[in-house]
Protein chains: 2
Amino acid sequence: MEQDSLDQTFLLGLVGHSARLASSGIRPLFAQRMAGHDLRQAEFAVLSLLDANPGISQKRLADAINVSPPNMAAVLTRLLERGLIRRERQPSDQRMQILLLTPAGTRLYRKAAATALDLDQEATAMLTPAERRELLRLLKKVNEAQAAPQGQGT
Amino acid sequence: MEQDSLDQTFLLGLVGHSARLASSGIRPLFAQRMAGHDLRQAEFAVLSLLDANPGISQKRLADAINVSPPNMAAVLTRLLERGLIRRERQPSDQRMQILLLTPAGTRLYRKAAATALDLDQEATAMLTPAERRELLRLLKKVNEAQAAPQGQGT
DNA sequence: TATTGTTATACTCTATAACTATA
DNA sequence: TATAGTTATAGAGTATAACAATA
C-alpha cells in the first residue's frame, strides 16, 4: 500500500510537469490498445489528420503534432510501406508532397479512432463530462498559442 | 506563414494527445532554461520532491513522477556524482534507501525552482490566472486517479 | 514468497547537421 | 536565398528481464 502523503505542491503547480505526467500516465494504455492495430501514437495522429485533411503537406502535418521533419519522414515511410497512405508531388509547387489515406488506411483509421476514443475516455473517467470538456479547452488554448507564438519563433 | 486551418477536431478531443502536445510544447523551453543549471526534467523533479519530502525512498520518488525503478537509479546516480543528493540505508528496513538533498543540492534547487516557475508561467501566459488554476486542478485529478487506480493495477 | 534496488540491454522518441530539389 | 523533404546520427527517454539483498 502506498502512503500517498507526498508533498508535490510545487511540481503540480507547473503545467509542463502536470501535462507530462498525464501524458505519461495515458501512454501505456494507448500503446497497449493500439498494439492491436500496430499503430504508434505519432502514426495514429498522422492518420487522423489525413482523414480530416486529405492532401496536406508533410510540413503542416509535422507542425501540427510537434514532430520534426526528419522524424516525420520516418513515420511516413513506415505508413507508406504498410500501404496505409500514399503521396504525390504537388503540381503547383514541386517541393511539396501531398499526402492521402489509401482505402486500407481509412479502414484502419476508423477502427483505431474508436479504440483511441474509448481508451482516452476510460483514462479520464474520473472527470465529469463538463470537466473533461474544460480540460480539453484549456489544453487547446495552451497548444494553439504554442504553435504560433507571435510571428516567428526564432 | 502558416495557414492554421487544419481540422484537428478528433485529436484535440483526446486528453492523451492534448496533454502530450502541451508537454512537448513546453519541453524545449524547459530544457533551454534549465541547461543553465545543468538539470534535466526528471532531475529537477527529484530535487523538488526531496526538498519538500526529505528522506523518502527511491520507490516513492519513482512512483510519484512515473519513472521506472531502473531509470530512477540512473537519474540518482548522476545527482549523487554531482554531490546534489546523498543517501543512506534505512535502519528499520534495510532494503530501502533514504534520500536527502545536500546543502549544494538545496542551493541549486532554489535557483532552479525559480527558473522553472518563470518559464512555466511564460509558457502558459495565454491563460488567465483562474484558467491556469483550473487546468492544474483538472490535470491533478487525472494524475491522482492514474497513480492509484483502485487497489492493484496488475 | 514479496519488495527494494541494481545491472544490462533494447527500443522508442527527439534533436541536429548536412544534403538534394525546387522555388 | 529560402523552403520542403531526406539521410545519417546521436542523444535522451522508456521498458523489460534477470539479478542481489532484505524482509
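Residues numbered from 1 in each chain as written. Chains lettered and ligands numbered in written order. Predicted model: local features only at pLDDT ≥ 70, side-chain atom pairs only at ≥ 80, totals over all residues. Heavy atoms only, no water.

Chain A is annotated in an unreviewed UniProt entry as DNA-binding MarR family transcriptional regulator of Pigmentiphaga kullae.

Q: It is not clear to me how the interface of chain A and chain B should be interpreted in this structure. Could you clarify?
A: One frequent convention defines the size of an interface as the accessible area lost when the parts assemble. Facing 64 residues of chain A, the contacting portion of chain B comprises 64 residues. Contact with chain B buries surface across chain A, with L6, V15 and R60 of chain A losing the most and accounting together for 11% of the total. Remark: the boundary between chain A and chain B carries four salt bridges. Its salt-bridge partner being E131 of chain A, residue R137 of chain B comes within 3.1 Å of it at the nearest N-O pair. One can count 22 residue pairs in polar contact (both at pLDDT 80 or more) joining chain A with chain B. In terms of residue count, helix α6 (residues 129–147) of chain A provides more of the side of chain A that touches chain B than any other element does, 14 residues in total. Its residues assigned to classes, the side of chain A that touches chain B shows 32 nonpolar, 18 polar and 14 charged. (Contact = heavy atoms within 4.5 Å. Buried area = accessible area lost by both parts, 1.4 Å probe. Salt bridge = Lys/Arg side-chain N within 4 Å of Asp/Glu carboxyl O. Polar contact = N/O pair within 3.5 Å; in protein donor to acceptor, adjacent residues only side chain to side chain. Helix = DSSP H or I, 4+ residues; strand = E, 2+ residues; numbered from the N terminus. Nonpolar A, V, L, I, M, F, W, Y, C, P; charged D, E, K, R; others polar.)

Q: Would you mind going over the pattern of salt bridges with me for this structure?
A: One side chain can pair with another of opposite charge once the charged atoms of both are near each other. Applying the stated criterion across every chain, the model contains 27 salt bridges over all chains. R95 of chain A is the partner of D93 of chain A in a salt bridge, and the nearest nitrogen-oxygen pair spans 2.9 Å. Note that R110 of chain B and D51 of chain B form a salt bridge whose closest N and O atoms lie 3.2 Å from each other. With R110 of chain B in helix α5 (residues 103–123) and D51 of chain B in helix α2 (residues 41–52), this residue pair connects regions lying 59 residues apart in the sequence.

Q: Is there a simple way to think about the protein's contact with DNA strand D in this case?
A: As a matter of local geometry, DNA strand D sits amid 19 residues, with Q58, K59 and R87 of chain A together with Q94 and R95 of chain B nearest to it. Measuring from a phosphate oxygen of DNA strand D, one finds a backbone N or O atom of K59 of chain A at 2.6 Å. Here a phosphate oxygen of DNA strand D and a backbone polar atom of Q94 of chain B are 2.7 Å apart. Of all the secondary structure elements, the ones that give two or more residues to the surface near DNA strand D are α1 (15–34), α3 (58–64) and α4 (69–81) of chain A together with α4 (69–81) of chain B. Ranked by residues supplied to the surface near DNA strand D, first place goes to α4 of chain A with three residues. (Near = heavy atom within 4 Å.)

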